[in-house]
Amino acid sequence: MFPTIRRFAFALAVFTLGGVGAAVAAQDAPVYSERSIGSPDAPVTIVEYSSLLCPHCADFHKETLPELKKEYIDTGKVRLVFKDHTLGQPLALGAEMIARCAPQEQYFPLINTLFENQMTWARAKDPLAAIQGYTALVGMSKEDVQACLESESIFNGIREGEAQAEALGVNSTPSFVINGKPVIVGSQSIEAFRKVIDPLLGQ
């Protein structure tokens, strides 16, 4: 745990350019908010606990999520809420803080891009510069990225989500809590999700 954002930023020195920037004014600082897709009135809610550094999470987003979205999310049956679970990895935390600053409509396209190119930016000599190449595509400047890394709201929001995961016994990624119960662990097929979701829909 890092007690302050500034201590976090120094601990993540490999992830910064030229040291820590000036603190962002409180009124201008990015604010943590929920990221989800699907109808808020959907009868089934899936909370995905995931890390942008997790290869199994990348597999889920590339292979299973498109089918889950087509069959359940786009039809109003399921709402998917994405929550970060960094498992103590500073690089994952930094990447997820930055992604949280993307505009709501660009958030899932951005994290899908980061998952698709996971090995490129994660293994880059300068991970921040590599990630900025992707965030620029959704209109985020270098100043926006720095503001994200200095946002106490985003930092605390991610940490609170991780504390909720730990309280539920979630200790690996990806893990899926469906209607309040942790029931699926790992990158599972669409069939595994159907077995849980369909009974909740009375199918």
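Please refer to the structure placed before this passage.
Right, let's walk through the structure included here.

Rules and cut-offs
Residues numbered from 1 in each chain as written. Predicted model: local features only at pLDDT ≥ 70, side-chain atom pairs only at ≥ 80, totals over all residues. Heavy atoms only, no water. Axes fitted to C-alpha atoms, helices over the stretch in contact; angles between N-to-C directions. Helix = DSSP H or I, 4+ residues; strand = E, 2+ residues; numbered from the N terminus. Parallel < 35°, antiparallel > 145°, perpendicular 65-115°, else oblique. Left-handed = near helix turned anticlockwise from the far one by under 90°. Contact = heavy atoms within 4.5 Å. Nonpolar A, V, L, I, M, F, W, Y, C, P; charged D, E, K, R; others polar. Core = buried A, V, L, I, M, F, W, Y, C linked by side-chain atoms within 4.5 Å. Buried < 20%, exposed > 50% of the residue type's maximum accessible area, 1.4 Å probe, protein only. Pairing = 2+ DSSP bridges. Salt bridge = Lys/Arg side-chain N within 4 Å of Asp/Glu carboxyl O.

### So, the packing of helix α2 (residues 55-73) against helix α9 (residues 190-200)
In the contact formed by α2 and α9, the axes pass within 10 Å of each other and the chain directions differ by 40°. Of the possible angle classes, the one that applies to α2 and α9 is oblique. In the packing of α2 onto α9, the handedness of the crossing is right-handed. Here F60, T64, E67, L68, E71 and Y72 of α2 lie close against α9, whose contacting residues are I190, F193, R194, I197 and D198. Grouping the amino acids of the contact of α2 with α9 by side-chain chemistry returns six nonpolar, one polar and four charged.

### Remarks on the nonpolar core
One finds I46, L68 and W121 to be the most contacted residues of the largest nonpolar core, which totals 43 residues. With residues near it in sequence (within four places) discarded, I46 still touches L68, V78, R79, L80, V81, F176, V177, I178, F193 and I197. Grouped together as the second largest cluster of nonpolar side chains are six residues, V47, V81, V170 and V177 included.

### Looking at the sheet that holds strand β2 (residues 44-50)
Spatial ordering of the open sheet is given by β1-β3-β2-β4-β5, a layout of five strands whose pairing is mixed. Single-partner strands in this sheet number two, and they are β1 (35-37) and β5 (181-185). For this sheet, the mean inter-axis angle between neighbouring strands, taken without regard to orientation, is 25°. Two elements, β2 and strand β3 (residues 78-84), share seven bridges in a ladder whose sense is parallel. Following the sheet pairing, Y49 is matched in β3 by K83.

### Things to note about the pattern of salt bridges
In the structure shown here, the tally under the stated rule is six salt bridges. In this structure, E34 engages R79 in a salt bridge whose closest nitrogen and oxygen atoms are separated by 2.1 Å. On the criterion of sequence distance, the pair formed by E34 in the loop between α1 (5-11) and β1 and R79 in strand β3 is long-range, its members being 45 residues apart. A relative accessible area of 41% means that E34 is categorised as partly exposed. Between R100 and D84 there is a salt bridge, with its nearest N and O atoms 2.9 Å apart. Of this pair, R100 sits in the loop between α3 (90-99) and α4 (104-116) while D84 sits in strand β3, and the two are 16 residues apart along the sequence. Residue D84 is classed as buried on the basis of its relative accessible area of 2%.

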